[in-house]
Amino acid sequence: MTATRITLETLSQRIEPGQAENLAAQLPKEVGIFLTDVDTVERFEWDEFIDQIVEKGNYSPRTSKQMLFTMRGS
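None of these values were measured; they are calculated from a predicted model. (Residues numbered from 1 in each chain as written. Predicted model: local features only at pLDDT ≥ 70, side-chain atom pairs only at ≥ 80, totals over all residues. Heavy atoms only, no water.)

### Notes on the confidence of the model for the protein
Now for step 1: Per-residue confidence for the protein gives a mean pLDDT of 82, with 84% of residues at or over 70.
Now for step 2: By mean pLDDT, the top-scoring element of the protein is helix H3 (residues 29–32) (91), and the lowest-scoring one is helix H5 (residues 61–72) (68). (pLDDT = per-residue confidence, 0-100. Helix = DSSP H or I, 4+ residues; strand = E, 2+ residues; numbered from the N terminus.)

### Concerning the environment of glycine 18
Now for step 1: Summarising the element assignment, glycine 18 is placed in helix H2 (residues 17–25).
Now for step 2: Residue classification places glycine 18 among the partly exposed residues on the basis of a relative accessible area of 47%.
Now for step 3: For the pair glycine 18 and threonine 36, spaced 18 residues apart in sequence, the C-alpha separation works out to 9.6 Å. (Buried < 20%, exposed > 50% of the residue type's maximum accessible area, 1.4 Å probe, protein only.)

### Describing a negative patch on the surface
Now for step 1: Taken together, the side chains of Glu42, Glu48, Asp51 and Glu55 present a region of like negative charge at the surface.
Now for step 2: Structurally, the position occupied by glutamate 42 is in the loop between H3 and helix H4 (46–57).
Now for step 3: Since its relative accessible area comes to 39%, glutamate 42 is described here as partly exposed. (Patch = residues over 30% accessible without salt bridge, like charges linked within 9 Å, V, L, I, M, F, W, Y side chains within 5 Å. Areas by Shrake-Rupley, 256 points an atom, 1.4 Å probe, with all protein chains shown as cover. Salt bridge = Lys/Arg side-chain N within 4 Å of Asp/Glu carboxyl O. Lys, Arg positive; Asp, Glu negative; His and termini not counted. Charge placed at Lys NZ, Arg CZ, Asp CG, Glu CD.)

### Details of the pattern of salt bridges
Now for step 1: Under the defined criterion, the tally for this structure stands at 2 salt bridges.
Now for step 2: Two residues, arginine 5 and glutamate 9, come together in a salt bridge whose shortest N-O distance is 3.2 Å. Placement of the pair is arginine 5 and glutamate 9 together in helix H1 (residues 2–14), with a separation of 4 residues, close to one helical turn.
Now for step 3: Since its relative accessible area comes to 29%, arginine 5 is described here as partly exposed.
Now for step 4: With a closest N to O distance of 3.1 Å, arginine 43 and glutamate 16 form a salt bridge. Highlighted residues: arginine 43 in the loop between H3 and H4 and glutamate 16 in the loop between H1 and H2, separated in sequence by 27 residues.
Now for step 5: On the basis of relative accessible area, arginine 43 is assigned to the exposed category, the value being 55%.

Here it is in structure tokens:
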């Protein structure tokens, strides 16, 4: 659940509050809550998105490559 929380919290920083609320409404409440605390919206590229998740989760470089591979759906 930690990776899910970190990913959704990071995503909530990248998308508009209305988009975050819309997405949260489509998820189970215990997961969607991670999208509801949007303070500021910051635009950043895909690689920066992954880098932020890796940093916040203190993941290894190998894990970050696996996450990138999984999230891109390759």
